[in-house]
Each structure stands twice: as C-alpha cells, then as structure tokens.
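Given next are the chains, with one letter for each unit.
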Amino acid sequence: MAYVKVSEVLQLAIKANTAVMAFNCIDYSTVRSVITVAEEVNKPVICMLYPEHVIKYNWINLEGFVSMVKTEAEKVKVPVAVHLDHCSDFDFIIRAIKAGFLSVMYDGSLLPLEENIRNTREVTRVAHAFGADVEAELGHVGFASTLTDQSDVDKYTKPEIAALFCEQSKCDSVAVAIGSAHGFYKETPKLDLVRLEEIDRATDVPLVLHGGSGIPNDQLEIAFTKGINKFNVGTEFLWLYYQTVRNYDGTDIAGLANTVQKKLMEYLREKMKLSKF
Ligand SMILES: [Zn+2]
C-alpha cells in the first residue's frame, strides 16, 4: 500500500535533494500511466487534478478521482499522493478536502500580498484541522502565451517577502515565480536560479515549480538541487494525450485507450528521469 500524503513525498524529495514529479491527470488512462511508470522507475509521484477540468465540464467528480488514484496507488510499492492543483475558491477547496484530497493548492497569487496571506492563512487553518496540506503561490506564475508573464520580474517571487509570507500564511509548500509559465513557451524560458537560491535560503518550506512544459532539462536539474522539491507538468502531458487521440486511425475504442496509455508511458519514462530519487 503506497497511498501517502504529499507532505510525505516532499520530505523524501528534500532528503534526496530533488523534486517529485506532479502530473495533471484527467482520467483513468492518465492516472494509471503515471502510477505504472512511477512503479517501473521506482520513484514517488503525485497525481493532480486541475479544478477547472471539474468545474468547466463537470464530467469527473472529486471523490471518483481520489478513489481512482488510491486504488491504483495501493497496488504499487512506490509512494503516490493526490493533490488539488490551482484553486482560488475556498468552498471548492473544502469540498475537495471532504472528498479525500489531503493536499490542496490555494492560489491567491493575483491578489495583493496582504489578501493573499490572509486568504492562505484561512485555508491552512481549515485544511490543517482536517489533516490536509496546503500549497500556496507567491509572485505570479502566469501564462506562456503572454510573454510578459514569463519575463516580468515584477511578478517574480521576492525572497524577503517569501519568508514573511510562509511564516504568516502557515503554508506547507509554496509555488514560486522564477521565470516559468503555464502552457507552451513562445520563447525558451530562463529560470532565475540565483533568485531561487535566495528564496530557498529565506524560507523553510519545500518550493514548487509550475509551468513545466518546455523548460530545458539542464535548468531543471539545477533548480531541483536548489530548493525545488515538486515539479508540476500539465500542458505537454495532456497535449500528447490529445494528439494521440487525434492521430488514432483505428475503430476499436479499447485499442485507443491502450494506444494512449502506451504513448503517455513512453513520455513519462523519459520525463521522470529528471527526478533523481
Ligand atoms: Zn500551475
């Protein structure tokens, strides 16, 4: 049985001085591929659910997602955790915790600092009472489609504020803005690794890097030894899924699921090499 909390996996990552990979999953094929490959390469992993996938289309429920991850996790030896990705809706976070998510992200990164601290603190107060962990975001990791989000230093996490933020919000981990962005990059990102080191020195919680689709591996390898303990990947993983479905020319729906899983697993085997457990 290897279903564990995100905080346990993060502790393992700290010990190994690396990052645990966290993939945005949407269904059984994604969850099964992630957990199967994690077991194969003998590394911990995190399956994440992006709330918008639930809210926008309402085709998967929170309880169903948790039990799917749990069932698959219990079949393997490597630690597997489940996490709710970016959410700024307090009520939805409570629903997710009630549904079994033992780790949630509260994203108040677009709010003024004081409000981000206040809201994150409110979420941590409730989440901790239920034994759940909270990832917060400081600075703002925007979208790669908007070039300025990626290169706007004003939106980057400031080390001295990070120390105050973590102390006051009581978050368990924090997503930092150091030059990455969500989606596909128009320009190769250049992570601010000096800033990362400063944030790491100023804080004592694990740091999280978002926008993991397209950052050069050499930069990631350095970032993972300088305080990044969780690395989120969504876009390129889900895009591969979509492309595989599009290019499938068979008529057998089970064959399609099988093809999708094979493709995702090939990708995951390669991507998980970055995680040096
Ligand atoms: Zn993100």
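Residues numbered from 1 in each chain as written. Predicted model: local features only at pLDDT ≥ 70, side-chain atom pairs only at ≥ 80, totals over all residues. Heavy atoms only, no water.

1. Quick word on unusual backbone geometry
Comment: phi is negative for the bulk of residues other than glycine, and the bulk of peptide bonds are trans.
And step 1. Not every positive phi belongs to a glycine, and Asn42 is a case in point at roughly 60°.
And step 2. Along the chain, Asn42 falls in the loop between helix H2 (28–41) and strand E2 (45–49).
And step 3. Residue Asn42 is classed as exposed on the basis of its relative accessible area of 58%.
And step 4. One non-glycine residue with positive phi stands out, namely Lys170, at about 60°. (Helix = DSSP H or I, 4+ residues; strand = E, 2+ residues; numbered from the N terminus. Buried < 20%, exposed > 50% of the residue type's maximum accessible area, 1.4 Å probe, protein only.)

2. A few points about the coordination of the zinc ion
And step 1. Taken together, the protein donors to the zinc ion comprise His86 (NE2), His182 (NE2) and His210 (ND1), at separations of 2.0 Å.
And step 2. The sequence pattern describing where the donors of the zinc ion fall on their chain is H-x95-H-x27-H. Of this pair, His86 sits in strand E3 (residues 80–87) while His182 sits in the loop between strand E6 (173–176) and helix H9 (193–202), and the two are 96 residues apart along the sequence. The exposure classification of His86 matches that of His182, with both residues buried. (Donors = N, O, S within 2.8 Å, 3.2 Å for Na, K, Ca; no water.)

3. So, the side chain of His83
And step 1. Inspection of the secondary structure puts His83 in strand E3.
And step 2. By relative accessible area, which is 1% here, His83 ends up buried.
And step 3. Within the structure, the side chain of His83 is placed 3.3 Å from the side chain of Glu135, a separation counted as a polar contact.
And step 4. Ignoring anything within four residues of it in the chain, the contact list for His83 reads Val6, Ile46, Cys47, Met48, Leu49, Phe101, Ser103, Val104, Met105, Glu135 and Lys230. (Polar contact = N/O pair within 3.5 Å; in protein donor to acceptor, adjacent residues only side chain to side chain. Contact = heavy atoms within 4.5 Å.)

4. Brief notes about the packing of aromatic side chains
Geometrically, a pair of aromatic rings is defined through the distance of the ring centres and the angle of the planes.
And step 1. According to the stated counting rule, one finds six aromatic pairs in the structure shown.
And step 2. Centre to centre, the rings of Phe65 and Phe101 are 6.1 Å apart; their planes meet at 5°, and the pair counts as stacked. Highlighted residues: Phe65 in helix H4 (residues 62–73) and Phe101 in the loop between helix H5 (90–98) and strand E4 (103–106), separated in sequence by 36 residues. Assigned by exposure class, Phe65 and Phe101 land together as buried.
And step 3. Three or more aromatic residues link up through ring pairs in this structure, and these residues are Phe23, Phe237 and Tyr267. (Phe/Tyr/Trp six-rings, centres within 6.5 Å; stacked < 30°, edge-to-face > 60°.)

5. Things to note about the sheet that holds E4
And step 1. The eight strands lie next to each other as E1-E2-E3-E4-E5-E6-E7-E8, forming a closed barrel whose pairing is parallel. The sheet shows a mean angle of 30° between the axes of neighbouring strands, direction not considered.
And step 2. Pairing analysis gives four bridges linking strand E1 (residues 20–24) to E2, with the strands arranged parallel. Paired with Phe23 across the two strands is Cys47, which belongs to E2.
And step 3. Where H2 meets the sheet, it contacts E1, E2 and E3, and its direction lies at approximately 170° from that of E2. (Pairing = 2+ DSSP bridges. Axes fitted to C-alpha atoms, helices over the stretch in contact; angles between N-to-C directions.)

6. Some remarks on the pattern of salt bridges
And step 1. Tallied over the full model, the rule gives 11 salt bridges.
And step 2. Here Arg195 ties to Asp192 by a salt bridge, and the two come within 3.0 Å at their closest N and O atoms.
And step 3. Exposure remark for Asp192: the relative accessible area of 23% places this residue in the partly exposed category.
And step 4. Its salt-bridge partner being Glu236, residue Lys271 comes within 2.7 Å of it at the nearest N-O pair. With Lys271 in helix H12 (residues 253–271) and Glu236 in helix H11 (residues 235–247), the pair connects residues that are 35 residues apart, well separated along the chain. (Salt bridge = Lys/Arg side-chain N within 4 Å of Asp/Glu carboxyl O.)

7. A word on the nonpolar core
And step 1. Core analysis: the largest hydrophobic core is formed by 78 residues, its most contacted members being Phe23, Phe65, Phe101 and Val174.
And step 2. By size, the runner-up hydrophobic cluster in this structure holds nine residues, among which are Leu10, Val20, Ala22 and Ala81. (Core = buried A, V, L, I, M, F, W, Y, C linked by side-chain atoms within 4.5 Å.)

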